[in-house]
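Single-letter residue listing:
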Amino acid sequence: MAFVKVCALSELEDDTPKRVELDGTPVSIVRTEGEVFAINDVCSHANVSLSEGEVEDCMIECWLHGSSFDLRTGKPSGLPATRPVPVYPVKIQGDDVLVSVTQET
Ligand code: FES
């Protein structure tokens, strides 16, 4: 499982997702409630970037139709999305945020 540096911890603002690409995979990096999460940046309902949505209560909301996804598990809280979005393990080393997209959590 290869962890890759995606950004600096200090450049992440609380509840403001940052979109990155890792090996061609779009990933939204979210700092919230004292933790950092990595979730696939594409809504499971349609091809919409989740990083453009709002973060609240450890959930990220798809701005198009309003499904929210749990940042810990990727599971949607309600319709119209029914399938989870992949989430990825995150490591913090000093000020570096590392993510592995080769293993989903
Ligand atoms: S595109 Fe995300 S809920 Fe419809």
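Residues numbered from 1 in each chain as written. Predicted model: local features only at pLDDT ≥ 70, side-chain atom pairs only at ≥ 80, totals over all residues.

- Looking at an unreviewed UniProt entry, one finds the chain named 3-phenylpropionate/trans-cinnamate dioxygenase ferredoxin subunit, with Streptomyces brevispora as its source organism.

**Some points on the nonpolar core**
Then step 1. Counting residues in hydrophobic clusters, the biggest one holds 24 residues, and the most contacted among them are Ile29, Phe37, Ala38, Ile39 and Val99.
Then step 2. Every element with two or more residues in this core is listed here: β3 (25–32), β4 (35–40), β8 (87–88) and β10 (96–99).
Then step 3. For this core, the leading source of residues is β4, giving 4 residues.
Then step 4. Not counting residues up to four positions away in its chain, the partners in contact with alanine 38 are Val27, Ile29, Val87, Tyr88, Val90 and Val99. (Core = buried A, V, L, I, M, F, W, Y, C linked by C-beta atoms within 7 Å. Buried ≥ 20, exposed ≤ 12 C-beta atoms within 10 Å, placed from the backbone. Helix = DSSP H or I, 4+ residues; strand = E, 2+ residues; numbered from the N terminus. Contact = placed C-beta atoms within 7 Å.)

**Remarks on the sheet that holds strand β6 (residues 59–61)**
Then step 1. The sheet built from 3 strands is open, its strands ordered β5-β6-β7 with antiparallel pairing. Two strands in the sheet have a free side with no partner beyond their single neighbour: β5 (55–56) and β7 (68–70).
Then step 2. The pairing of β5 with β6 spans 2 bridges and is classified as antiparallel. Paired with glutamate 56 across the two strands is methionine 59, which belongs to β6. (Pairing = 2+ DSSP bridges.)

**Considering the environment of serine 67**
Then step 1. Structurally, serine 67 can be placed in the loop between β6 and β7.
Then step 2. When sequence neighbours within four positions are dropped, the list of residues in contact with serine 67 reads His45, Cys62, Pro76, Ser77, Gly78, Leu79, Pro80 and Ala81.

**Things to note about the sheet that holds β8**
Then step 1. Judged by pairing direction, the sheet is antiparallel, and its 4 strands sit side by side in the order β2-β3-β4-β8 without closing on themselves. Where the open sheet ends on each side, the last strands, each with one partner, are β2 (18–22) and β8.

**Notes on the UniProt feature "domain: Rieske" (unreviewed entry) in the chain**
Then step 1. As recorded in UniProt, the sites labelled "domain: Rieske" (unreviewed entry) are residues 4–99.
Then step 2. With 0% helix and 44% strand, residues 4–99 has end C-alpha atoms that lie 5 Å from one another. (UniProt positions renumbered as here; feature names shortened; annotations may be inferred.)

**Details of the pairing of β3**
Then step 1. β3 sits mainly inside the fold: 6 of its 8 residues count as buried.
Then step 2. The loop that links β2 with its antiparallel partner β3 comprises 2 residues; one of these, aspartate 23, has a positive phi angle of about 50 degrees.
Then step 3. Across 6 bridges, β3 lies against β4 in antiparallel orientation. Its bridge partner being in β4, isoleucine 29 is matched across the sheet by alanine 38.

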